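Geometric and topological summary
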Amino acid sequence: MGWTKSANIEYFDDVVDALIPVNFHVGCMGLPPASHDSVDSIPPMPTGGNLDDKRIGIGTTMYYPVEVEGALLSMGDAHMAQGDSELDGTGVEASLTGTFRVTVIKANDLNDWQKELDYPMGETDTHWIVHSFTEIDYLDTYFDNPSDIYGASSIDPAMKNIFMQTRKFMETNYGMSDQEATSYITQGVDFGITQLVDGNWGMHSEIPKATFDGVALTNTAPLNVSSLGTPDLTLSAETVHWGYFSKSLEPVLTIEDGAEIVVEMSTHHACDDYDKMIKGDQGMESIYEWSSTFKAEDFRGATGGGDGVHILTGPIFVSGAEPGDILKVEIIDLLPRANPDGKTYGSNAAAWWGFQARVNESDGTAFDAGTFTGTPGSNDEYITIYEILQDLDSGNAYAVPSYQFEWPTITDPNGVERDYIAYPGTCVPHDSHGDTVPSTAVSDLGWSKADSITYYDSPFPAKIPINFHIGCMGLAPASHESVDSIPPLPSGGNLDNKRIGIGSTMYYPVEVAGALLSMGDTHAAQGDSELDGTGIETSLTGKFKISVIKSADFNDWQKILDFPLGETNDHWVVNSFTEIDYLETFSENPGDIYGVSNLDDAMKNTFSQTRKFIMAAYNLTEREAITVITNGVDFGVAQVVDGNWGMFSEIPKSLFESKMTESAQCPSECAVQRGRKSRELLFGYFIDCSGCFD
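Being a predicted model, the structure only gives us computed values, none of them experimental.

Brief notes about the state of the cysteines
- As enumerated under the stated definition, the model contains one disulfide in all.
- With no disulfide of its own, cysteine 472 lies 20 Å from the sulfur of cysteine 271, the closest cysteine sulfur.

This is the structure:
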């Protein structure tokens, strides 16, 4: 054919035996746009094209806006496999043959969400899949020079666009208000990276159909809460600290290496509804007590001025833990803290620090937050109160929205008025609404409000599956005397990763003697992103096993651990952030992290930490690690609200564990490859047949 090369090729035939699950899908499928005669096939468009979403496979339906007569559908760039990110440039590229059913939905027959469709939408049996990019329509933005998109690709604008498109779909498909859609997206929808290589970088959201089918639960009961045994740490004002980690705090409990303990944890949003989450609970009342003459804890935040919000139980001193060791925390069980009536509630705050405040609301107006945004008298912050219920028909537990309310202007018992969510532990003096007649407990403590509260007592009947997890758990850092609990750290803290739940194990680098473990900010549920500001904040009790891994006993990956690592039965979970260690980057002014948070840097750091971990844990070369990451590892958004924004990668353990017995290592299908070193597609995995023959 005439092709030549300038030098001999260097080959690496003895490569890692990674087992990449096969997932046949179409990387590039779509319709031509009307705006240009011809466009590059690489950057994705509103009419589809090079989405590189591994979900566009068998059983999936795609919806594309038609711009030209006849639609002119084209397809290609087929893949055997790919992880979420397509990181190194391609998936496992393959030639495929597909069977398709192609249907036209006429403009006159469009339903509400179809009328608003200006992006490629996916549908599976269980999910809707929204796609968006750095530029929703790069051909419009860069009309004269479309290739300019290559120099502008970024995750951060893609995140804004995917949120707005997801919100629009929720509103048009389900008839939700902006408030409802944003709260439910935060708790029930996951955001992930699709591709970082195609010029117009892509993200996706996965919307579970069952969560938002609009059918209310009719046969329910309060979630039955059993006991985890006598708590080793009970909730009280004496066993918690508000809004900071500190190496100087006196431990409230000392344990031995390998101890199993039961710890009670309080949400810092319980006073969004005092009657439902505090009243009559002695421990909770102790923590939240604040009147004109007494305040249970006046020092809230790293400097005591509210710069940090979480109620953290601890610190716990672990005997034998020394700087340079690793603390292993196994989460054995988590149970909700029922109120004296046997019911469990949680709160979600759509607040000024939420990602939705960075984009306009559905009506095109800016998100106001009182004096914080320079709009006194105008506040778009709101609270959704959820009840945790057991569906007696299925046996499953769900968080169901009970009511919503607009955040009022509140004066605390010391006479300080705040017109936005500005200080941890603020209590809301509620009015009567719906079927609720509040007690006078909050007003009796001295709390008041400027005006009556606006309530929404019949919210859309979402059913958020319960996933109890811990938002903020970690160790005191050595570098500073006291640090804000909000931005996550190398030693853990406020990761807000919903995978830190029952059955998970966390590994934290130890920086101070005794480790000084604290935990709190517990959630009933949360989607990947924690988008509007919080998960469903609820109080939980946990059972844990705490162990010390001494530095002298480290394996290879433990020797390089400088980030909080998670482990489940099936996956390793790497966590990283805008700054791997913001306390080092901004050592003089740690609060500066809030002004630089972004996902682009978080993605770079998560990739570099993932690569480092895989190379150390499985003895891979950098070349091997990168191709395995690209095709077998998924990257997602943990949170976009905590100052030091977080991302994660999920590494399936099965990638490096043989799925076949010793006797099955050389199946008959390899015989056709006798004498060749090649990887055969077999039983859904890439299998090396080279060792089967003499």
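Description of the pattern of salt bridges
- Counted according to the given criterion, the structure contains 24 salt bridges.
- Residue aspartate 213 is joined to lysine 463 by a salt bridge in which the shortest nitrogen-to-oxygen separation is 2.5 Å. With aspartate 213 in the loop between strand 9 (202-208) and strand 10 (220-222) and lysine 463 in the loop between strand 25 (455-456) and strand 26 (464-465), the pair connects residues that are 250 residues apart, well separated along the chain.
- The salt bridge partner of glutamate 650 is arginine 499, with a shortest N-O separation of 3.1 Å. Placement of glutamate 650 in strand 36 (residues 646-652) and of arginine 499 in the loop between strand 29 (492-493) and strand 30 (505-509) is noted, with a sequence separation of 151 residues between them.
- Among the charged side chains, a salt-bridge network with shared partners connects Asp53, Arg55, Asp84 and Glu206.

Some remarks on the pairing of strand 19 (residues 345-350)
- With six of its six residues buried, strand 19 lies for the most part within the structure.
- Burial along strand 19 is two-sided: the residues Tyr345, Ser347 and Ala349 and Gly346, Asn348 and Ala350 are all buried.
- Inspection of the sheet shows strand 19 paired to strand 20 (residues 382-391) by six bridges, in the antiparallel sense. Looking at strand 20, one finds that glycine 346 is bridged to tyrosine 386.

Structural notes on the sheet that holds strand 2 (residues 48-49)
- Pairing is antiparallel across the open sheet formed by four strands, whose spatial order is 2-1-4-5. With partners counted over all chains shown, the strands left at the sheet margins are strand 2 and strand 5 (92-93), one partner each.
- In the sheet, strand 1 (residues 25-30) pairs with strand 4 (residues 74-81) via five bridges, with the strands oriented antiparallel. When the bridges of strand 4 are listed, histidine 25 appears paired with histidine 79.

Cut-offs and rules
- Residues numbered from 1 in each chain as written.
- Predicted model: local features only at pLDDT ≥ 70, side-chain atom pairs only at ≥ 80, totals over all residues.
- Heavy atoms only, no water.
- Disulfide = S-S within 2.5 Å.
- Salt bridge = Lys/Arg side-chain N within 4 Å of Asp/Glu carboxyl O.
- Helix = DSSP H or I, 4+ residues; strand = E, 2+ residues; numbered from the N terminus.
- Buried < 20%, exposed > 50% of the residue type's maximum accessible area, 1.4 Å probe, protein only.
- Pairing = 2+ DSSP bridges.

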